[in-house]
Amino acid sequence: MSYFGSIINNSATIIAKASAKITDGAFLAATLTENGVAVAKASETPIGIMVAETGTVEAGEEVTIQVKDIGLAKVGAAVNAGDILAADANGKLIKATNGAFAVAVALDTATAADQVIQVQISKPGFTAAAGVGG
């Protein structure tokens, strides 16, 4: 089998169809499933952050997700610059704890929930559960 051209996608974003209606999706963590994109929940593994232009999206419509590099995300609680962040139950980013999948690192400090801050989307993996590793 031969491949011509570049098979590596250097883009910081991907586009996928929404699996269900997404309301006010801008800056929320997104998960990618066999049925499409959804707002990430606390127990899920986010693929990235929905971009600023994401408003209300109906099932089957396209959603743009930033999957790497520096972008903006909405927080679900106060966080400090340097905190490792994971999704909460509403797709907002909070300080990662207890084995959660980390999606980003905070580059700014937020003093309250619903603030939009700059983050480095890096997906470093699962955080150590309490009492593990040290």
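Residues numbered from 1 in each chain as written. Predicted model: local features only at pLDDT ≥ 70, side-chain atom pairs only at ≥ 80, totals over all residues. Heavy atoms only, no water.

Caption draft 1: Spotlight on the overall build of the chain. Helix and strand counts for the chain come out as 0 helices and 10 strands. In the chain, the order of α-helices and β-strands from amino to carboxyl end is β-β-β-β-β-β-β-β-β-β. Compactness check: the chain gives a C-alpha radius of gyration of 15 Å against a globular reference of 14 Å for 134 residues, within 12% of the reference. Counting across all 134 residues of the chain, residues that qualify as buried make up 37%. For the chain, the share of sequence-separated contacts (at least 6 apart) that also reach a separation of at least 24 residues comes to 55%. Of the accessible surface of the chain, which amounts to about 7300 Å², a share of 52% is contributed by carbon and sulfur atoms. (Helix = DSSP H or I, 4+ residues; strand = E, 2+ residues; numbered from the N terminus. Rg over C-alpha atoms; globule rule 2.2 N^0.38 Å. Buried < 20%, exposed > 50% of the residue type's maximum accessible area, 1.4 Å probe, protein only. Contact = heavy atoms within 4.5 Å. Areas by Shrake-Rupley, 256 points an atom, 1.4 Å probe, with all protein chains shown as cover.)

Caption draft 2: Region of the structure containing the nonpolar core. Ala29, Ile49, Val79, Leu85, Leu93, Ile117 and Val119 are the most contacted members of the largest nonpolar core, which has 16 residues in total. Only strand E7 (84–87), strand E9 (101–106) and strand E10 (116–126) provide two or more residues apiece to this core. With near-sequence residues (within four places) excluded, Val79 lies in contact with Leu85, Ile94, Lys95, Ala106, Asp108, Thr109, Ala110 and Ile117. Within the second largest apolar cluster, 12 residues are counted, among which are Ala16, Ala18, Leu28 and Val39. (Core = buried A, V, L, I, M, F, W, Y, C linked by side-chain atoms within 4.5 Å.)

Caption draft 3: Representation of the confidence of the model for the chain within the structure. Averaged over all residues, the pLDDT of the chain equals 91, while 91% of them reach at least 70. Of all the helices and strands in the chain, E10 carries the lowest mean pLDDT, 94, while strand E4 (residues 48–50) carries the highest, 98. (pLDDT = per-residue confidence, 0-100.)

Caption draft 4: A look at the pattern of salt bridges. Here the structure, examined in full by the defined rule, presents 2 salt bridges. In this structure, Glu58 and Lys21 form a salt bridge, with 3.8 Å as the shortest nitrogen-oxygen distance. In this pair, Glu58 sits in the loop between E4 and strand E5 (62–66) while Lys21 sits in the loop between strand E1 (13–17) and strand E2 (29–33), placing the two residues 37 residues apart along the sequence. A residue is classified by how much of its surface remains accessible, and Glu58, at 38% relative accessible area, is partly exposed. Residue classification places Lys21 among the exposed residues on the basis of a relative accessible area of 51%. For Asp114, the salt bridge identified is with Lys92, shortest N-O distance 2.4 Å. Placement of Asp114 in the loop between E9 and E10 and of Lys92 in the loop between E7 and strand E8 (93–95) is noted, with a sequence separation of 22 residues between them. (Salt bridge = Lys/Arg side-chain N within 4 Å of Asp/Glu carboxyl O.)

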